Amino acid sequence: MALFSLIVPFLNERENVPAFTTFIEKVAGELREKFDLDLEVVLVDDGSTDDSVTRYITSMPGTWRIVELSRNFGKEVAVFAGLEECRGDLVMIMDADMQHPWTVALDMISQLTADENLDAVYAVRDDRLQESMKKAAAVHLFYWLINFRQRFIVPENAGDFRVMRRPVVEAMLNIRDRRRFNKGLYAWAGFRQKAIGYVPDERQHGATKWSNLSLLSLSLEGITSFSALPLRLVSIIGALVGICGIFYGLKIVFEVLFYGVSVPGYPSLMVAVSVLGGFNLALLGLLGEYIWVGIAETKDRPLYLVRRVHRSGDIKTLDKAAQSAEKQTP
């Protein structure tokens, strides 16, 4: 029987553990019945500060492993840790908040197993129309910047919710970027991929860990990792401002020589200094972002550190977790 790996990164998801474990029991049965696949679950703890790990250990059915990272490294790295740990012939990535519908996951698995020419199937959110026009415009601008004149296209509104064959997983493991932007890496890797639309379910418990600031940081990570367009745009703007300055200077000389017009002083000088100074500072900041990406890639640090790996069937781990759960259960 072929092996199906389900990778689930999580951070402080203690309230969703009961629903998730019930979900896994259903998943294991359907995979075996419909696709003749055996299930292994790889949970990656991205530095949780609650008792999520203990709750998963004491309630998870079937074959599972929990990779407990030494601290919070971010979801992009947590997904990579799960890819390194999994052994499946088919690998799926899902969130622990239960917002990725299993019906959509089944559809992706069906399409991948039915077509041998397909290497991966990924889900694209169809509910973005409900967001504000301001946010939608920012999303479109981001994807335009990152896809401009690229040899590959990063699909808009796609994420980590996808199923892949083993060769795609091995290719992703060979990409050792330390500043990771998974959406771009999936597209860069290529292979034959297919998209299907979906609408995420409502989150059952807790709140999303993604703030507007963290989303902005991830977007900047993607742009600096995959596009040089911002640097080129700033260079073009700087060149245009310089050319305009030359023509303005010639205009002043012409007016003084032929019409005797007095040269404007303080106001025009302050405008010129402010505009040029602002552009210079913006360019320096942008250059700094790109330089920092380069510096981060040259450091010989591992992508993540593992505190401990918990496995199903580990009696000592289960006994300790059960004792800890008894003490922490209200």
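Now for a quick tour of the structure. In this convention, every chain numbers its residues from 1, walking through the sequence in written order. A pLDDT threshold of at least 70 governs which residues receive local features in this predicted model, and a stricter bar of 80 or more applies before side-chain atom pairs are shown or counted, although totals over entire chains, interfaces and linings include all residues. Working from all heavy atoms in the structure, the side-chain values ignore hydrogens and water.

All right, on to the overall build of the protein chain then. Secondary structure assignment for the protein chain yields eleven helices and eight strands. With a 1.4 Å probe rolled over the protein chains alone, any residue whose accessible area is under 20% of its type maximum counts as buried; one over 50% counts as exposed, and the rest are partly exposed. Counting the 330 residues in the protein chain, one finds 41% classified as buried. Only heavy atoms matter for contacts: two residues are in contact if any of them lie within 4.5 Å across the pair. For the protein chain, restricting intrachain contacts to residue pairs at least 6 apart in sequence, the fraction spanning at least 24 positions comes to 81%. All accessible areas in this document rest on Shrake-Rupley with a 1.4 Å probe, and a residue is counted as covered only by the protein chains that are shown. Element-wise, carbon and sulfur atoms account for 59% of the exposed surface of the protein chain, whose accessible area totals about 18,200 Å². Put simply, DSSP marks the helices as runs of H or I at least four residues long and the strands as runs of E at least two long, and each gets a number from the N terminus on.

A contiguous nonpolar surface patch, about 630 Å² in accessible area, is contributed by I236, L240, I243, I246, F247 and L250. Within the secondary structure, F247 sits in helix α9 (residues 229-259). Patches in this entry comprise residues that are over 30% relatively accessible and not in a salt bridge; like charges within 9 Å are linked, as are nonpolar side chains (Val, Leu, Ile, Met, Phe, Trp, Tyr) within 5 Å. Any carboxyl oxygen of Asp or Glu within 4 Å of a side-chain nitrogen of Lys or Arg constitutes a salt bridge here.

Moving on, we come to the environment of L145. Within the secondary structure, L145 is located in helix α5 (residues 133-147). Classification of L145 as buried rests on a relative accessible area of 14%. Here the alpha-carbon distance between L145 and P230, two residues 85 residues apart in the chain, equals 7.7 Å.

Below, the discussion takes up unusual backbone geometry. Of note in the backbone geometry, N12 takes a positive phi value of approximately 55° without being a glycine. By secondary structure assignment, the location of N12 is in the loop between β1 (2-10) and α1 (17-35). On the basis of relative accessible area, N12 is assigned to the partly exposed category, the value being 28%.

This part covers the pattern of salt bridges. Applying the stated criterion across every chain, the model contains twelve salt bridges. Note that E30 is salt-bridged to K34, the shortest N-O span being 3.6 Å. Of the two residues, E30 and K34 both sit in helix α1, four residues apart, roughly one turn of that helix. The salt bridge partner of K75 is D95, with a shortest N-O separation of 2.9 Å.

Right, let's talk about the packing of helix α3 (residues 75-85) against helix α6 (residues 166-174) for a bit. Taken N-terminus to C-terminus, the directions of α3 and α6 make an angle of 125°; their axes are 10 Å apart at the nearest point. Put simply, α3 runs oblique to α6. The crossing of α3 and α6 is left-handed. Across the interface between the two elements, F80, L83 and E84 from α3 touch R166, V169, M172 and L173 from α6. The nonpolar class holds Ala, Val, Leu, Ile, Met, Phe, Trp, Tyr, Cys and Pro. Asp, Glu, Lys and Arg form the charged class, and all remaining residues, Gly among them, are polar. For the contact of α3 with α6, the per-class residue count stands at five nonpolar, no polar and two charged. Fitted lines through C-alpha atoms serve as axes, helices being fitted only where they are in contact, and the angles separating the N-to-C directions of these axes extend from 0 to 180 degrees. Angle categories: roughly parallel below 35 degrees, roughly antiparallel above 145, roughly perpendicular from 65 to 115, and oblique for all the rest. Handedness of a crossing is defined here by the sense of rotation of the near helix relative to the far one, left-handed for an anticlockwise turn of less than a right angle and right-handed for a clockwise turn.

Taken in spatial order, the eight strands line up as β7-β5-β6-β4-β1-β2-β3-β8 in an open sheet, and their pairing is mixed. Both edges of this open sheet fall to β7 (193-198) and β8 (306-311), since each of them pairs with a single strand only. Geometrically, the sheet is characterised by an average inter-axis angle of 20° between neighbouring strands, direction not taken into account. Two strands are said to pair when DSSP picks up at least two bridges between them. Here strand β2 (residues 37-45) pairs with strand β3 (residues 63-69) via six bridges, running parallel. By the bridge assignment, E40 is partnered in β3 with T63. Along the sheet, helix α2 (residues 52-59) makes contact with β1, β2, β3 and β8, crossing β3 at roughly 165°. On the sheet, α6 packs against β4 (90-93) and β6 (158-165) and is oriented at approximately 120° with respect to β6.

What follows covers the packing of α1 against helix α4 (residues 102-114). With their axes 12 Å apart at the nearest point, α1 and α4 run at an angle of 25° to one another. Classified by the angle their axes make, α1 and α4 are roughly parallel. Seen along the crossing, α1 lies across α4 with a hand that is right-handed. Residues F23, K26, V27, E30, L31, K34 and F35 of α1 touch α4, and the partners they reach there are W102, L106, I109, S110 and T113. Looking at the contact of α1 with α4 residue by residue, the class counts come to seven nonpolar, two polar and three charged.

Looking at the secondary structure, you find M94 in the loop between β4 and α4. Sequence-wise, M94 and V79 are 15 residues apart; in three dimensions their C-alpha atoms are separated by 9.6 Å. When neighbours within four sequence positions are excluded, M94 is seen to be in contact with L6, I7, V8, P9, F23, H100, W102 and F161.

Each pair of aromatic rings taken from Phe, Tyr and Trp, with Trp reduced to its six-membered ring, is defined by centres within 6.5 Å and is described as stacked if the planes are under 30 degrees apart, edge-to-face if over 60, and tilted in the remaining cases. Under the defined criterion, the tally for this structure stands at five aromatic pairs. For the pair F23 and W102, a centre-to-centre distance of 5.7 Å together with 85° between the ring planes defines the contact as edge-to-face. In this pair, F23 is assigned in helix α1 and W102 in helix α4, connecting sequence segments 79 residues apart. Looking at F23, the relative accessible area reads 12%, which means it is buried. For W102, a relative accessible area of 7% gives the class buried. In textbook terms, an aromatic cluster arises when at least three aromatic residues are bridged by ring pairs, as seen for F10, F20, F23, Y56 and W102. Only when the NZ atom of a Lys or the CZ atom of an Arg is both within 6 Å of the ring centre and within 35 degrees of the ring normal do we say a charge sits over the ring. The side chain of R71 reaches across the aromatic face of F73, ending 3.9 Å from its centre. Over the face of the ring belonging to Y186 we find R162, whose NZ or CZ atom lies 3.8 Å from the ring centre.

Read these as spatial facts, not as claims about activity.
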